[in-house]
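Observations on chain architecture
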Amino acid sequence: MTNSTHINDVRKIIASGGSMTRFRSFLKQLMRNWKGRTGALILLSLVLLAIFGYLFAPYNPVSSNAPSFQPPTHSHLLGTDYIGEDIFSWFLVGAGTSLLVGASIAVIAITIGVAVGVIAGYFGGYIDNGLMRVVDVLLVIPGFPLLVILSAFLPPTLETTIIVLGILSWPFISRVIRSQTLTLRRRPYIMASELSGLSGLRIIVRDIIPNLIPLIFINAIFLAIGGVVAQAGLAFFGLGDLRSVNWGTMLYWFQAEDGIVYNAWWWLIPPGIGIILLGVGANFLSNAVYEITQPARGSK
Amino acid sequence: MITLRYLLRRIFYMAITLFAAITLNFLLPRLVPGNPALLILLTKYRGIINPSQLKLIESELNLRGTMWQQYVGYLSSLVHGNLGVSYYYYPQTVSSIILEHLPWTLFLLGTATLVSVIIGVFIGSYSGWKRGLSDTVLQGFSVSLTAVPYFWLGLIFQLAFAVIITINGYHIFPVAHAYGISVTPGPNLPFFLSVMRHAALPLITLIITTFPGFALLMRNTVITVLDEDYVLLARAKGLQLNTIRKNYVNKNAILPVATSVALAFAGIVGGAFLVEEVFSYPGIGFTLYNAVTTSDYPLIEGIFLIITFTIVIANFLVDILYAYLDPRVILK
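Since this is a predicted model, take the numbers as computed values, not measurements.

Basis of the calculations
- Note on numbering: residues in each chain are counted from 1, in written sequence order.
- For naming, the first written chain is A and the first written ligand is 1, with later ones following in the order written.
- Reporting in this predicted model follows two pLDDT cut-offs: at least 70 for local features of residues, and 80 or more for side-chain atom pairs to be given and counted; totals over whole chains, interfaces and linings ignore these cut-offs and use all residues.
- Side-chain metrics in this entry use all non-hydrogen atoms of the structure; hydrogen atoms and water are not considered.
- Where each domain begins and ends follows an automated or database-derived domain assignment.
- Joining two parts hides part of their accessible area as seen by a 1.4 Å probe, and the buried area is that hidden amount summed over both.
- Any carboxyl oxygen of Asp or Glu within 4 Å of a side-chain nitrogen of Lys or Arg constitutes a salt bridge here.
- Whenever a nitrogen or oxygen atom comes within 3.5 Å of another N or O atom, the pair is scored as a polar contact, on the condition that within protein one atom can donate a hydrogen and the other can accept it, and that pairs from neighbouring residues in sequence are kept only if both atoms are in side chains.
- The helix count covers DSSP runs of H or I at least four residues long, the strand count covers runs of E at least two residues long, and both are numbered beginning at the N terminus.
- Lys, Arg, Asp and Glu make up the charged group, whereas Ala, Val, Leu, Ile, Met, Phe, Trp, Tyr, Cys and Pro make up the nonpolar group; the residues left over, Gly among them, are polar.
- Contacts: residue pairs with any heavy atoms within 4.5 Å of one another.
- Only buried Ala, Val, Leu, Ile, Met, Phe, Trp, Tyr and Cys residues count toward a nonpolar core, and they belong to the same one when joined by side-chain atoms within 4.5 Å.
- Only protein chains enter the area calculation, which uses a 1.4 Å probe; residues under 20% of their type maximum are buried, those over 50% are exposed, and those in between are partly exposed.
- Points on a 1 Å grid over protein atoms alone make up a cavity when a 1.4 Å probe fits among them but cannot get out, and a pocket when they form an open set with protein on both sides within 12 Å along at least five of seven lines; lining residues each have an atom within 4 Å of a point.
- Grid points are joined across faces, edges and corners, and a volume is the space filled by probe spheres set on the points.

A separate point is the domain arrangement of chain B. Residues and elements named next belong to chain B. For chain B, the assigned domains are domain 1 (4–79) and domain 2 (106–325). With both sides pooled, the region where domain 1 packs onto domain 2 buries about 1200 Å², and carbon together with sulfur makes up 77% of that total. Seen at the junction of domain 1 and domain 2, the total is zero salt bridges. Counting across the domain 1 and domain 2 interface gives one residue pair in polar contact (both at pLDDT 80 or more). Taken together, the elements giving at least two residues each to the side of domain 1 that touches domain 2 come down to helix 1 (4–31) and helix 4 (67–79). By residue number, the principal contributor to the side of domain 1 that touches domain 2 is helix 1, which donates 13 residues. Tallied by class, the residues present in the side of domain 1 that touches domain 2 amount to twelve nonpolar, two polar and one charged.

Moving on, we come to the interface of chain B and chain A. Each partner contributes to the interface: chain B provides 40 residues, whereas chain A provides 36 residues. The tally of links from chain B across to chain A stands at zero salt bridges. Mapped by element, the contributors of at least two residues to the side of chain B that touches chain A are helix 1, helix 6 (132–146), helix 7 (150–164), helix 10 (241–278), helix 11 (284–293) and helix 12 (297–325) of chain B. Top element by residues in the side of chain B that touches chain A is helix 12 of chain B. It accounts for nine residues. The residue makeup of the side of chain B that touches chain A, split by class, is 30 nonpolar, eight polar and two charged.

Our next topic: the nonpolar core. Of all hydrophobic cores here, the largest spans 123 residues; its most connected members are Phe237, Trp247 and Trp267 of chain A. With twelve residues, the single largest contributor to this core is helix 11 (residues 265–293) of chain A. Two domains each donate at least three residues to this core, and these are domain 1 (4–79) and domain 2 (106–325) of chain B. Discounting chain neighbours no more than four positions away, the residues touching Trp247 of chain A are Leu46, Phe91, Gly94, Ala95, Ser98, Leu99, Pro271, Gly274, Ile275 and Leu278 of chain A. The next biggest cluster of nonpolar side chains, apart from the first, holds 23 residues, and it includes Tyr122, Met132, Tyr189 and Leu212 of chain A.

Moving on, we come to empty space enclosed by the protein. Residues and elements named next belong to chain B. If you walk through the whole model with that rule in mind, you get three cavities of 30 Å³ or more. Of the volumes computed, that of the largest cavity is approximately 40 Å³. Around the largest cavity sit Phe173, Pro174, Val175, Ala176, His177, Arg197, His198, Leu201, Pro202, Phe279 and Tyr281, which together line it. Class assignment of the residues belonging to the lining of the largest cavity gives a composition of eight nonpolar, two polar and one charged.

As C-alpha cells, this is what we get:
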C-alpha cells in the first residue's frame, strides 16, 4: 500500500499538474496565438447567437405576417419568404437549432470515437484489430448515400438525424484517438501506473483521457460543424424534419419554393454565411492548435 | 509489390463491406411499418384491392415467405442483376431507371474530378515549388472554401449567372436540366453545345469546391519530395531546375495525389448529388432526390447499392494500382 502511494506520487510529479491545469494552459496558449483568438472570437459569437439569438427575433418565424417574397425593409431586416415569414427571425431561431444539432452530433460521435479509440489503442492485440477493421469498413462505405438511405427509412425527426449523423461520424476520430493513445501508453508515468497495479480502466479514465482533452476538444468543434453542414445537406435533400426551423431547412424551402425564380437572394445568403463563418472560425482555431502542438513545423 | 496474403485479406474485407451494405439494404425496408405492395396498389391503381393482384406484387417485391426465404430470394435476385421494381415508376425496373440516369452523373463526376486533379496538380506544384505569396493565397483560398457547402455555392452561381446577370437580355447559363428542349439528343452539334452550356454551372460548382484539396495535397508532397536526397543530388550535379521539377519532383509527388482521388471520390459523389438537385440535372443524385420525395424505397435502395459497390471496388483497384505503379510500396 505504501509502496503504491509512493509510485502514485512519482507519477503525479512526472505528469506535472492535474488534467484541468494542463487544459487551462493549453487554452492560455491558444489565446496567445492570434489565429486562436480570431477563431475563438468567431465561434463564441456564433454560439452566443445560437443561445440568445431567439430572444431578439422580431417575429415568430413560422407565422406569416407580411407579403411574400419581400426584399429587406425596415420592418423585415432580411425580407420575407414564400408565405411572408420573417427571414431574420428564421435565421436567429435557426442558428439555435442548427448549432444544437451540431453539438449533439459531436457529443455522440466523440463518446463513441474516444471509447473505441482509447480501448483499441490501450489494449491492442485482437481488440485493436477487431475494432479497427470495423472502422475500415465504415470508412469505405460512401457517407452521403448511406445517410440518405438511413434517413429515408427512419422516422423523419430531428432526433433521427442527430442519432444517424452521430453514429456515422465517429470512425475517423477513433483512429486519431487510437494513434495518440498508442504513444501515450509508452510514457513513463503510464508505465508507472501500470506497475503500481492500477486497473486498465482506471488508467484510461485517470491518465489517458485527461491527456487527450486538447485533441478531443478540437475534434469536437470540427465534428459539430461537420454535423451542421451534414444536417443542412440532408434537409436540402428533403430528409429529416422539414418543419423544424434551422439553416438547413431554410435552404430546402428556398429551393422547393422557387426562391431562385423570385430572385430572393435575401433568403439564400444568410444561412450560407452562417455555415461559412462556422467553418472559418474552426479553421483558424485548428491552425492555432497545429502551431502550438507542432511549433517547429507550424512556424515554417 | 503485393503479396497474395494481402490480396486475399483485402478481398475478404471488401466482401464483408459489400455484404454489410446488402444486408442493411434488405433489413431497412422490412423494419418500416406498412405493406409496400398495398402502398403500390393504393397509389397506382386507386381502387378495389384484388387479392390475387396483391399477391402478384408481393412476390414481385420479394415480400412473401419467412424472413430467411425472403433474404435468400433477395440475394439470388441480386446475383441476377435484379434490383427490384420502382414504386413510383411501377412497373419500370430499378436497374433500367439507374442505367438511364447514370451516364449524366458519370459525365459530371468524371469531368469535375479530372479537371480538379489537373488544376490541383498544377497549382499545388507551383505553390510548393515557389512558396511565398502564391502559397499564402492558395492556403487562404482553400481554407475558406472548405467551409462552403457545395449546394449553397451552386445556388449562388445559379442565382447569379442564370437569373440576375443578363447580357443583351439573355442569361449566361440555363437555370436547370441537362439540355434544352429545342435540341434532339444524338450526335449533333446543337445537342453537344446545349449539353455543355447546361453542364457548365454544375461543373464549375464541383470543380471550385474540389480542386483546393488536391492542390494542398500536391503542395505538401512537393515540399516533402524537395527534401529528398535524390533532389539534392540532382541539384548538385547541376541539372536544370526545370528538369528537376518535371522529372524528379512532380513525378514523385503525383502518386499520393493519384491515390487520394479514389478516397476523395466518395466525398465528391455526395457533393455531386446535391449539385444535381440544385440544377435539376437528370443524373443519379437528382433521381435519388425524387425517389426520396416520392418514397420510392426500391429505387433509393438500388441507387445506394450501385454507388456503394462502385466506390468500394474502385478503392480496392486503386490500392492495387498504386502498389503496381510505385515499386517502393509493399502491401503485405
